[in-house]
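# Working through the structure, step by step
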Amino acid sequence: MSSLDHIDRQLLTRLQDEGRITNVELASRVGLTAPPCLRRVRALEEAGIIRGYHADIDPQKLGFAITVFAMVSLKSQAESDLKAFEEHVSTLPQVRECHMLNGEIDFILKIVARDLQEFQAFLTSKLTPAANVASVKTSLTIRTSKQQPGVPLEE
């Protein structure tokens, strides 16, 4: 982040908040003309700082009424077993996020489902029988009070 100047941080802040902003509008908001603005954004993309642009979809409106966090412990923490679990999880579309943790729990997964029956079927047929899984503890989300992608950027 130290190599980013004030304008780069402004660009990132605006794009985080409003990914569909036009280059002309973005340039105007950060005090640039369109060509250098586009060059800077492309440089941020090429550097891998901007990884992509995504629509923020409301899961409820598409029938995914259930969000569950699953804490998964594995029998073995050998690197090959960790990678095998990550590869398995990457094939499961219901798993929206997978994070390896330090401590008693090896992974936390964010899982979506249409209802409890669908989640239970997923849990018993795809997650708990997966190779090397020792235990799975789940917590059903009651409500989400904050969901903010990206990172805090100071301008």
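Note that this is a predicted model, so its numbers are computed, not measured. (Residues numbered from 1 in each chain as written. Predicted model: local features only at pLDDT ≥ 70, side-chain atom pairs only at ≥ 80, totals over all residues. Heavy atoms only, no water.)

## Overview of the environment of Glu 118
Relative to the helices and strands, Glu 118 resides in helix H5 (residues 116-127). A sequence separation of 26 residues divides Glu 118 from Leu 92, and the C-alpha atoms of the two residues are 13 Å apart. Dropping the residues within four chain positions of it, Glu 118 is found in contact with Phe 64 and Ala 113. (Helix = DSSP H or I, 4+ residues; strand = E, 2+ residues; numbered from the N terminus. Contact = heavy atoms within 4.5 Å.)

## Brief notes about the UniProt feature "domain: HTH asnC-type" (unreviewed entry) in the protein chain
UniProt records the feature "domain: HTH asnC-type" (unreviewed entry) for residues 4-65 in the present numbering. Structurally, residues 4-65 is divided into 53% helix and 0% strand, and its ends, taken at the C-alpha atoms, are 40 Å apart. (UniProt positions renumbered as here; feature names shortened; annotations may be inferred.)

## Let's talk about the domain arrangement of the protein chain
When its domains are assigned, the protein chain resolves into domain 1 (4-45) and domain 2 (58-138). On a C-alpha basis, the centres of domain 1 and domain 2 stand 36 Å from each other. (Domains from an automatic or database assignment.)

## Some words on the packing of helix H1 (residues 6-17) against helix H2 (residues 23-30)
Put simply, H1 and H2 touch, their axes get as near as 10 Å, and they point 130° apart. Looking at the two axes, H1 sits oblique to H2. Judged by the sense of rotation from one axis to the other, the crossing of H1 with H2 is right-handed. Mapping the contact onto sequence places Ile 7, Gln 10, Leu 11, Arg 14 and Leu 15 in H1 and Leu 26, Arg 29 and Val 30 in H2. Taken together, the residues of the contact of H1 with H2 break down into five nonpolar, one polar and two charged. (Axes fitted to C-alpha atoms, helices over the stretch in contact; angles between N-to-C directions. Parallel < 35°, antiparallel > 145°, perpendicular 65-115°, else oblique. Left-handed = near helix turned anticlockwise from the far one by under 90°. Nonpolar A, V, L, I, M, F, W, Y, C, P; charged D, E, K, R; others polar.)

## Here we look at the pattern of salt bridges
In total, this model carries seven salt bridges according to the counting rule given. Between Arg 40 and Asp 8 there is a salt bridge; the shortest N-O distance is 2.9 Å. With Arg 40 in helix H3 (residues 34-46) and Asp 8 in helix H1, this residue pair connects regions lying 32 residues apart in the sequence. Judged by relative accessible area, which is 24%, Arg 40 ranks as partly exposed. (Salt bridge = Lys/Arg side-chain N within 4 Å of Asp/Glu carboxyl O. Buried < 20%, exposed > 50% of the residue type's maximum accessible area, 1.4 Å probe, protein only.)

## So, H3
Between its first and last C-alpha, H3 extends 18 Å over 13 residues, near the 18 Å set by a 1.5 Å rise per residue. For H3, the full list of buried residues reads Cys 37, Val 41 and Leu 44. Each buried residue of H3 lies within a common arc of 60° when the element is viewed along its axis, so the set occupies one face. Opposite the buried face of H3, at more than 90 degrees from it, the exposed residues are Arg 39 and Glu 46. Looking at the packing, one finds that the buried side of H3 touches H1 and H2. A positive backbone phi angle near 80° is found at Gly 48, which sits one or two residues after H3. (Expected span 1.5 Å × (residues − 1). Arc of directions from axis to C-beta.)

## A look at the pairing of strand E2 (residues 95-100)
Judged from the five bridges that link them, E2 and strand E3 (residues 107-113) form a sheet pairing that is antiparallel. Its bridge partner being in E3, Val 95 is matched across the sheet by Ile 111. Counted between consecutive antiparallel strands, the loop separating E2 from E3 contains six residues, among which Gly 103 sits at a positive phi close to 120°. (Pairing = 2+ DSSP bridges.)

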